[in-house]
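Structure at a glance
Take a look at the letters that make up each chain.
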Amino acid sequence: MTTTNEAQPRGPAEFERRLAESDAAVAAFDEEQPSLLQRFRHFLHAHPTVVPFLVLVLGIALFASLVGGRFFHPFNMSLILQQVTIIGVLGIAQTLIILTAGIDLSVGAIMILSSVVMGRLAVYVGLPVEIAFLIGLVVGLACGMLNGLLVTRLKLPPFIVTLGTWSIFGALNLWYSASATIRQQEIAATAPFLQWTGTALQFGAARLTYGSILMIVLAALVWYLLNRTAFGRHVYATGDDPEAARLAGIDTGRTLLAVYAIAGALCAVAGWVLIGRVGAVSPLSGQTANLDSITAVVIGGTSLFGGRGSIVGTLVGALIVGVFRNGLALSGVDVLWQEFAVGVLIIVAVAIDQWLRKVAQ
Amino acid sequence: MSETPVLEARSLVKRYGRVVALDHADFELRRNEILAVIGDNGAGKSTLIKALAGAVKPDAGEILLDGQPVQFRSPMDARDAGIETVFQNLALSPALSIADNMFLGRERKRKDILGRYLGLLDRKTMRDEARQRLSELGLMTIQNIGQLVETLSGGQRQGVAIARAAAFGSKLVIMDEPTAALGVKESRKVLELMLDVKRRGLPIVLISHNMPHVFEVADRIHIHRLGRRIAVINPKDYSMSDAVAIMTGAMRPPEAMAA
């Protein structure tokens, strides 16, 4: 009934025997000397922050030669740093989100809502300023958690979720603030702590604000989180390939939720920095912050497809935008050309990202 | 067999609506063997494997690991019990390094205060261990343990995934179509890796459609048909065409082995 064969030959099949004669190198790589361009491309692929760094150095060189000493003046240099601080802090939050292949359109709205909560609770409700500040942080955290829950539990695309919450947080902000600004003098009188981020260490003509120092400290903390802890590895893996990450044993839902929550809290800190920069609490300030934070992240070399990028890149990206705006303004160029330049930078940055990705294929 | 099987399943049932994917299926993996699981598309072999790997919860039946009944609620449970799976998509993260991938989801923290309270990773230990595991399997043609996985060839990636499973699997390794996406040379390397892993004392469950590969490395072949184990054959006693005939119903399974 069953046909019993002669002992089945074990080992390589006939067609595989000739492999012994074949080239012994397994999966030999192309031995051709790669061209200079190819090697440059591989180098950039392995070190993605080099490109933004080069652009920053080139931008500084360009404007130094165009504008001269006024651009390099310590006061101007420190002014650029102050101008990028808010976007820098929001950019740190945005980087976390974009690393998971998400996007957060509500960062600016969370920032303003948190600043309004801090301001009104401290100035009008009369809570101790530290308590008002903490409640503001919790509001930011809760907003981020809401985004995270909608993304992970309802499985909605982050773009849609944050487009919706952007409107929701914006409306809550107008309702709670009654569209009224809390004036600088009122805050100075009752809650000067909220303006602390705008105070500065003076080095000659240069002003280093505590807000800028805070931005650098936050960047260092998030860098540590991303590069030296298991959570950070999980963020990259989740953004790179969520299915692979899940099969490798990562709780991708919890990782995403944590990312959105941390980003929300960082936005609240950005709200504190905003109060320091503006002096007052205005429900209408920081209108362009959403898109500016995405600009900084993208110019900083972080990929919108997730899994690739760095915090350092984002800070450099924010500085690039700051240097170009400031340099063009000092050159006497109309504001509209500043916008034009930023647009070109974004497109060039994404084009470079795409070009580098092809190395991997 | 007097020895307890490493992994045993008795009468597993799994229904999806009116479709019966597993119809009182049995399974047995012995020590020091490579057991191939073959079956036509839709025979229920992936449901069987998912049940064994914890990805699917059977409606009825029991699974015994080393003779002890176990219940897996997730792939993590199975992994914690010592069952490692090399998935067809490998579950590697291309943008991370080889070392990061080897320890993905079970990173080592430093044993000092920084590790305990700040979660500082012990990157040196992880790199050293990853390098050691890869050289044990003769895979250290990969020069740099910090190399990103996306720069590796298909065979090298398979090698990293197998090394990871072999490093953490204490009981057995399940491999789902490990040679399906590979060329002739790289397939050969992966088959040798499997024999190597077996020599180190880890039994392997191999799911494959590639009959030459199955007949070359398997000690026994579990043939799945219509949701159940229809036969277990010794590849030395049967030809590939017999196996295919039993699998597709063209030939009656050998009586003694009928389940």
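Once a new chain begins, its residue numbering starts again from 1 and follows that chain's sequence as written. Note on labels: chains are lettered from A, ligands numbered from 1, in written order. Only residues with pLDDT of at least 70 are given local features in this predicted model, and only at 80 or more are side-chain atom pairs given and counted; all residues enter the totals for whole chains, interfaces and linings. With hydrogens and water stripped out, all remaining heavy atoms of the structure feed into the side-chain values.

Of the regular secondary structure elements, chain B holds nine helices and ten strands. The size measure is the radius of gyration over C-alpha atoms, and the globule rule it meets is 2.2 Å times the number of residues to the 0.38 power. Taken against the 2.2 N^0.38 rule, which gives 18 Å for 259 residues, the C-alpha radius of gyration of chain B at 19 Å falls within 12% of a compact globule. Expressed as lengths along the three principal axes of its C-alpha atoms, the size of chain B is roughly 60 × 40 × 40 Å. Burial classes: relative accessible area under 20% of the type maximum marks a residue as buried, over 50% as exposed, and values in between as partly exposed (1.4 Å probe, protein chains only). For chain B, the proportion of its 259 residues judged to be buried stands at 56%. The contact rule is simple, with two residues in contact once any of their heavy atoms fall within 4.5 Å. Of the contacts formed within chain B by residues at least 6 apart in sequence, a portion of 66% connects residues at least 24 apart. Secondary structure elements follow DSSP: runs of H or I of four or more residues count as helices, runs of E of two or more count as strands, with numbering from the N terminus.

Another point: the sheet that holds strand β1 (residues 7-16) of chain B. Residue and element names in this part refer to chain B. Whether two strands pair depends on DSSP finding at least two bridges between them. The strand order across the open sheet formed by four strands is β2-β1-β4-β5, and the pairing between neighbours is antiparallel. Of all the strands in the sheet, just β2 (19-29) and β5 (68-70) have a single pairing partner and so form its edges. Each neighbouring strand pair of the sheet contributes to a mean axis angle of 30°, computed without reference to strand direction. In this structure, β1 lies alongside strand β4 (residues 60-65), joined through five bridges in antiparallel fashion. Axis definition: a line fitted to C-alpha atoms, limited for helices to the stretch in contact. Angles are taken between N-to-C directions and run from 0 to 180 degrees.

Residues and elements named next belong to chain A. UniProt positions are given in the numbering used here, feature names are shortened, and annotations may be inferred rather than shown by experiment. Under the UniProt annotation, "transmembrane region" (unreviewed entry) lies at residues 50-72, 79-99, 131-150, 156-176, 208-226, 257-275, 296-324 and 336-356. Its end C-alpha atoms 29 Å apart, residues 79-99 is made of 100% helix and 0% strand. Helix and strand shares over residues 131-150 are 100% and 0% respectively, and the end C-alpha atoms of the span are 28 Å apart.

Now for a nonpolar patch on the surface. Residue and element names in this part refer to chain A. Grouping into patches uses exposed residues only, defined as over 30% relative accessible area, and leaves out salt-bridged ones; the cut-off is 9 Å for like charges and 5 Å for nonpolar side chains (Val, Leu, Ile, Met, Phe, Trp, Tyr). Shrake-Rupley sampling with a 1.4 Å probe provides the accessible areas, and residues are treated as covered by the protein chains on show and by no other component. The working definition used for a salt bridge is a side-chain nitrogen of Lys or Arg within 4 Å of a carboxyl oxygen of Asp or Glu. A surface patch of nonpolar side chains, amounting to about 490 Å² of accessible area, comprises Leu336, Trp337, Phe340, Val344 and Val348. Structurally, tryptophan 337 can be placed in helix α16 (residues 335-357). Given the relative accessible area of 44%, tryptophan 337 is considered partly exposed.

Residue and element names in this part refer to chain B. Residues Ile204 and Leu206 of strand β8 (residues 204-207) are buried on one face, and the alternating residues Val205 and Ile207, pointing to the opposite face, are buried as well. As paired elements, strand β7 (residues 172-176) and β8 share four bridges and run parallel to each other. The partner of valine 173 across the bridge, within β8, is isoleucine 204. In this view, the connection linking β7 to its parallel neighbour β8 by way of helix α7 (residues 184-199) has right-handed handedness. Here the term right-handed applies to a crossover when the path leading from its first strand over the helix to its second strand runs clockwise, the strands being oriented away from the viewer.

Tallied over the entire structure, the rule returns 26 salt bridges over all chains. Close ionic contact of glutamate 150 of chain B with arginine 308 of chain A constitutes a salt bridge, the shortest N to O distance being 2.6 Å. Here glutamate 150 of chain B, found in the loop between α5 (123-136) and α6 (154-168), pairs with arginine 308 of chain A, found in the loop between α14 (289-299) and α15 (311-330), and the two come from separate chains. Comparing glutamate 150 of chain B with arginine 308 of chain A shows no difference in burial state: the two are buried. Two residues, arginine 220 of chain B and glutamate 28 of chain B, come together in a salt bridge whose shortest N-O distance is 3.5 Å. Of this pair, arginine 220 of chain B sits in strand β9 (residues 220-225) while glutamate 28 of chain B sits in strand β2, and the two are 192 residues apart along the sequence. Of the two residues, arginine 220 of chain B and glutamate 28 of chain B, both sit in the buried class. Salt bridges linked by common partners bring Glu3, Arg31, Asp66 and Lys171 of chain B together as one network.

What follows concerns unusual backbone geometry. When glycine is set aside, most residues are seen to have a negative phi, and most peptide bonds are trans. Positive phi, normally seen in glycine, also occurs at serine 179 of chain A, with a value near 55°. Structurally, serine 179 of chain A can be placed in the loop between α8 (158-177) and α9 (184-190). Positive phi outside glycine occurs at histidine 24 of chain B, with the angle close to 55°. Take histidine 24 of chain B: it is sitting in strand β2.

Moving on, we come to the sheet that holds strand β6 (residues 83-86) of chain B. Residues and elements named next belong to chain B. With mixed pairing, the six strands of this open sheet are ordered in space as β6-β7-β8-β3-β9-β10. The open sheet terminates on both sides in strands that have one partner only, identified here as β6 and β10 (228-233). The average undirected angle you get between the axes of adjacent strands in this sheet is 20°. Two elements, β9 and β10, share five bridges in a ladder whose sense is antiparallel. Across the sheet, residue histidine 222 finds its bridge partner in β10, namely valine 232. The strands that helix α1 (residues 45-53) touches are β3 (34-39), β6, β7, β8 and β9; relative to β3, the one it contacts most, it runs at about 140°. Most of the contacts of helix α9 (residues 240-248) go to β9, to which it runs at about 30°, and overall it touches β3, β9 and β10.

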